[in-house]
Amino acid sequence: MAITVIFDMDGVLIDSEPVWRDVEKEFYLMHHGLTLVDDDFDAFTGMPVMVFLRKLHERHRLPAHDLSLVHDLIVGQVADKIRQQPRPVPGIFELLDALRQRNIPMSVASSSPLRQIDNVLDTLNIRHYFQAAISAETLAHGKPHPEIFLNAAAMMDADPQYCLVIEDSLNGLIAAKAAGMRALALPAPHQRHDPRFTLADQIIDHHDEVLPFILNSW
């Protein structure tokens, strides 16, 4: 039986969720005088950037005619900050090495735009670990819909029941379980005790828990 591991990116490969939030907070404070809070982000974490922006503008009754420009500005600023000061999630290099040594195929399935996925893989110099990378940017449905994970499995010629997804967001976790896959949740510290994450097969605090889960589960 061949196990395939599918990684979310933001918050799983790289500690970039704080970067997204800082850039978005600064943008909306500067351009709209709006102070964003955790509640503005948490419900939409894991969704494509454009979906988040649409929901944010609806929530705060902001004009939506320039969302494409806002999207490109925010994505560009996040990419620059990641290149300048990348913060890989602790243990990710060791986990990638361990999985590769066991010939376990790996892919990336992220709601970030493909150019941002490319930026992270190149900045961290980890592209060679992955057989595929997919963005929800051009899909009909973003997370929490399972489309992205089903497509990732198809790209890898993998059976969903033998796929393990590593996710930091509730929306991504819902998508993984809806795809019929096992899932590990690596939530942000302030969400660690959110009972909804018990949907995961296991909640982890560090990547060193991933390989033992695989070895004990299949």
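So, here is what we can say about the structure in this document. These figures come from a predicted structure and were not determined experimentally.

## With respect to unusual backbone geometry
In the segment running from Lys 143 into Pro 144, the intervening peptide bond is cis, with an omega of 20°. Phi at Arg 61 takes a positive value of approximately 55°, unusual for a residue other than glycine. The exposure class of Arg 61 is exposed, given its relative accessible area of 80%.

## Observations concerning the packing of aromatic side chains
Summed over the entire model, instances satisfying the criterion amount to 3 aromatic pairs. Arranged with centres 5.8 Å apart and planes meeting at 80°, the rings of Phe 7 and Phe 130 form a pair that is edge-to-face. Taken together, the residues Phe 7 in strand 1 (residues 4-7) and Phe 130 in the loop between helix 6 (114-123) and strand 3 (132-135) connect sequence positions 123 residues apart. The same class applies to Phe 7 as to Phe 130, namely buried. Measuring from centroid to centroid gives 5.1 Å for Phe 27 and Tyr 28, while their planes differ by 75°, and the two rings are edge-to-face. Take Phe 27: its relative accessible area is 8%, and that puts it in the buried class.

## Quick notes on the pattern of salt bridges
As enumerated under the stated definition, the model contains 16 salt bridges in all. A salt bridge links Glu 167 to Lys 143; its shortest N-O distance comes to 2.6 Å. With Glu 167 in strand 4 (residues 163-167) and Lys 143 in the loop between strand 3 and helix 7 (147-155), this pair connects stretches of sequence that are 24 residues apart. One exposure class covers both Glu 167 and Lys 143, and it is buried. The salt bridge partner of Lys 177 is Asp 201, with a shortest N-O separation of 2.8 Å. Taken together, the residues span a long stretch of sequence, with Lys 177 in helix 8 (residues 170-178) and Asp 201 in the loop between strand 5 (182-185) and strand 6 (202-203) at a distance of 24 residues. Note on Asp 201: relative accessible area 36%, which makes it partly exposed. Three or more residues are tied together by salt bridges with common partners; here these are Asp 8, Lys 143 and Glu 167.

## Here we look at the environment of Pro 195
You can see Pro 195 is positioned in the loop between strand 5 and strand 6. Judged by relative accessible area, Pro 195 falls into the exposed class, the value being 58%. In this structure the C-alpha to C-alpha distance between Pro 195 and Gly 33, which are 162 residues apart in sequence, comes to 34 Å.

## Notes on the sheet that holds strand 1
Spatially, the 6 strands line up as an open sheet ordered 3-2-1-4-5-6, and their pairing is parallel. The outermost strands of the open sheet, each flanked by one partner alone, are strand 3 and strand 6. Here 4 bridges tie strand 4 to strand 5, and the two strands are oriented parallel to one another. When the sheet's bridge partners are listed, Leu 164 is paired in strand 5 with Arg 182.

Conventions adopted
Residues numbered from 1 in each chain as written. Predicted model: local features only at pLDDT ≥ 70, side-chain atom pairs only at ≥ 80, totals over all residues. Heavy atoms only, no water. Buried < 20%, exposed > 50% of the residue type's maximum accessible area, 1.4 Å probe, protein only. Phe/Tyr/Trp six-rings, centres within 6.5 Å; stacked < 30°, edge-to-face > 60°. Helix = DSSP H or I, 4+ residues; strand = E, 2+ residues; numbered from the N terminus. Salt bridge = Lys/Arg side-chain N within 4 Å of Asp/Glu carboxyl O. Pairing = 2+ DSSP bridges.

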